Amino acid sequence: EAGVVQSPRYKIIEKKQPVAFWCNPISGHNTLYWYRQNLGQGPELLIRYENEEAVDDSQLPKDRFSAERLKGVDSTLKIQPAELGDSAVYLCASSFVTQETQYFGPGTRLLVL
Amino acid sequence: DQQVKQNSPSLSVQEGRISILNCDYTNSMFDYFLWYKKYPAEGPTFLISISSIKDKNEDGRFTVFLNKSAKHLSLHIVPSQPGDSAVYFCAASAKSYTGNQFYFGTGTSLTVIP
């Protein structure tokens, strides 16, 4: 069974530029999470989807971050415009609605110059 | 406000010995706890979990212990192997009206010395 797929794996952009990350969860997983992980820290939730509905986006900086999960399958996370402090690893994870365990993708490492 | 804490940033253990990784939490509403293992340039991989109704769960060389009164859990790896060298994250979840919310610790970097 394929795991969570993320692309790109690495991205280097200049500040004020837009950037987008894509995630395809494990087949059949209704819950999708986007996390941000700064160096030396644990993952911090940005947004959680149940199917196509964003049920928890309280930690998403909505002035510059947006996300969508059309058709309740794959998802896109966008930053516009990017700032230096957005440099981090962006992780996508998925799980069954009723299952506690999340499965993570490899992450996208973003560097904003 | 860090609800899940891993106070040891790093740990070194000789191959064949026991590795003990610790985790403390503050929220008494947490009812499920997980350990993830992360290699460089990869995403965290699920390792083992435990429900709050249990105090121990074992899977091969990995055992997780939960002490609810102390709000403390630990991961034991016996015997430790060089391939266990990685960063280990403790996570806890609590149910909310929107579903399960997960909180992660800052990780402990384990080095198993051959």
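Our structure's up above, just so we're on the same page.
The model shown is predicted, which means the values in this text are computed figures rather than measured ones.

Trainee: I tried to follow the overall build of chain B on my own but got confused; where do I start?
Mentor: Within chain B, the regular secondary structure consists of 0 helices and 11 strands. Beginning at the N terminus, the succession of helices and strands in chain B can be written as β-β-β-β-β-β-β-β-β-β-β. In terms of C-alpha radius of gyration, chain B reaches 14 Å, essentially the compact-globule figure of 13 Å for 114 residues. Principal-axis analysis of the C-alpha atoms places the extent of chain B at approximately 45 × 30 × 20 Å. Counting across all 114 residues of chain B, residues that qualify as buried make up 46%. Considering only contacts within chain B whose residues lie at least 6 apart along the sequence, 55% involve residues at least 24 apart. Counting every atom, chain B has about 5500 Å² of accessible surface; 50% of that belongs to carbon and sulfur. One finds the centroid of the 10 positive side-chain charges in chain B at a distance of 3 Å from the centroid of its 9 negative side-chain charges.

Trainee: Looking at this structure, how should I read the overall build of chain A?
Mentor: Counting its regular elements, chain A contains 0 helices and 11 strands. Counting from the amino terminus, helix and strand elements in chain A follow one another as β-β-β-β-β-β-β-β-β-β-β. Structurally, chain A occupies a C-alpha span of about 40 × 25 × 25 Å along its principal axes. For chain A, buried positions account for 48% of its 113 residues. Counted over contacts in chain A with a minimum sequence separation of 6, partners at least 24 positions apart contribute 53%. For chain A, the exposed surface amounts to about 5600 Å²; the carbon and sulfur share of it is 51%.

Trainee: Teacher, can you tell me more about the state of the cysteines here?
Mentor: The term disulfide refers to a covalent linkage connecting the sulfur atoms of a pair of cysteines. Residues and elements named next belong to chain A. Taken as a whole, this structure holds 2 disulfides over all chains when the rule is applied. Here Cys23 engages in a disulfide with Cys92; their sulfurs sit 1.9 Å apart. A torsion of -70 degrees about the S-S bond marks the disulfide between Cys23 and Cys92 as left-handed. Of this pair, Cys23 sits in strand β3 (residues 19–24) while Cys92 sits in strand β9 (residues 88–95), placing them 69 residues apart in sequence. Of the two residues examined, Cys23 and Cys92, each falls in the buried class.

Trainee: So what exactly am I meant to see when it comes to the interface of chain B and chain A here?
Mentor: Reports of interface size often rely on the accessible area that becomes lost once the parts have come together. Counting residues at the interface gives 21 residues for chain B, matched by 22 residues for chain A. Regarding the contact of chain B and chain A, the summed buried area is about 1700 Å², with carbon and sulfur atoms giving 48% of it. For the pair chain B and chain A, the interface holds 0 salt bridges. Within the residue set of the side of chain B that touches chain A, elements represented by two or more residues are β4 (32–38), β9 (86–96) and β10 (99–104) of chain B. A per-element tally of the side of chain B that touches chain A places β10 of chain B first, with 5 residues. Classifying every residue of the side of chain B that touches chain A gives 9 nonpolar, 9 polar and 3 charged.

Trainee: Looking at this model, I keep getting lost on the sheet that holds strand β7 (residues 65–68) of chain A. Mind explaining?
Mentor: Strand pairing in a sheet relies on backbone hydrogen bonds, with the paired strands running either antiparallel or parallel. Residues and elements named next belong to chain A. Reading across the sheet, the 4 strands line up as β1-β3-β8-β7 and stay open at both edges, with antiparallel pairing between neighbours. Lying at the two open borders of the sheet, with one neighbouring strand each, are β1 (5–7) and β7. Across this sheet, the average inter-strand angle for adjacent strands is 15 degrees, counted without regard to direction. Strand direction decides the pairing type here: β1 and β3, joined by 3 bridges, are antiparallel. Along β3, the bridge assignment pairs Ser7 with Trp22.

Trainee: Explanation requested: the environment of Gln59 of chain A in the structure shown.
Mentor: Residues and elements named next belong to chain A. Among the structural elements, Gln59 can be located in the loop between β6 (53–56) and β7. Residues Gln59 and Arg48, spaced 11 residues apart in sequence, show a C-alpha to C-alpha distance of 9.9 Å. Once you skip the residues sitting within four places of it in the chain, Gln59 turns out to touch Leu45 and Leu46.

Rules behind the numbers
- Residues numbered from 1 in each chain as written.
- Chains lettered and ligands numbered in written order.
- Predicted model: local features only at pLDDT ≥ 70, side-chain atom pairs only at ≥ 80, totals over all residues.
- Heavy atoms only, no water.
- Helix = DSSP H or I, 4+ residues; strand = E, 2+ residues; numbered from the N terminus.
- Rg over C-alpha atoms; globule rule 2.2 N^0.38 Å.
- Buried < 20%, exposed > 50% of the residue type's maximum accessible area, 1.4 Å probe, protein only.
- Contact = heavy atoms within 4.5 Å.
- Areas by Shrake-Rupley, 256 points an atom, 1.4 Å probe, with all protein chains shown as cover.
- Lys, Arg positive; Asp, Glu negative; His and termini not counted.
- Charge placed at Lys NZ, Arg CZ, Asp CG, Glu CD.
- Disulfide = S-S within 2.5 Å.
- Buried area = accessible area lost by both parts, 1.4 Å probe.
- Salt bridge = Lys/Arg side-chain N within 4 Å of Asp/Glu carboxyl O.
- Nonpolar A, V, L, I, M, F, W, Y, C, P; charged D, E, K, R; others polar.
- Pairing = 2+ DSSP bridges.
- Axes fitted to C-alpha atoms, helices over the stretch in contact; angles between N-to-C directions.

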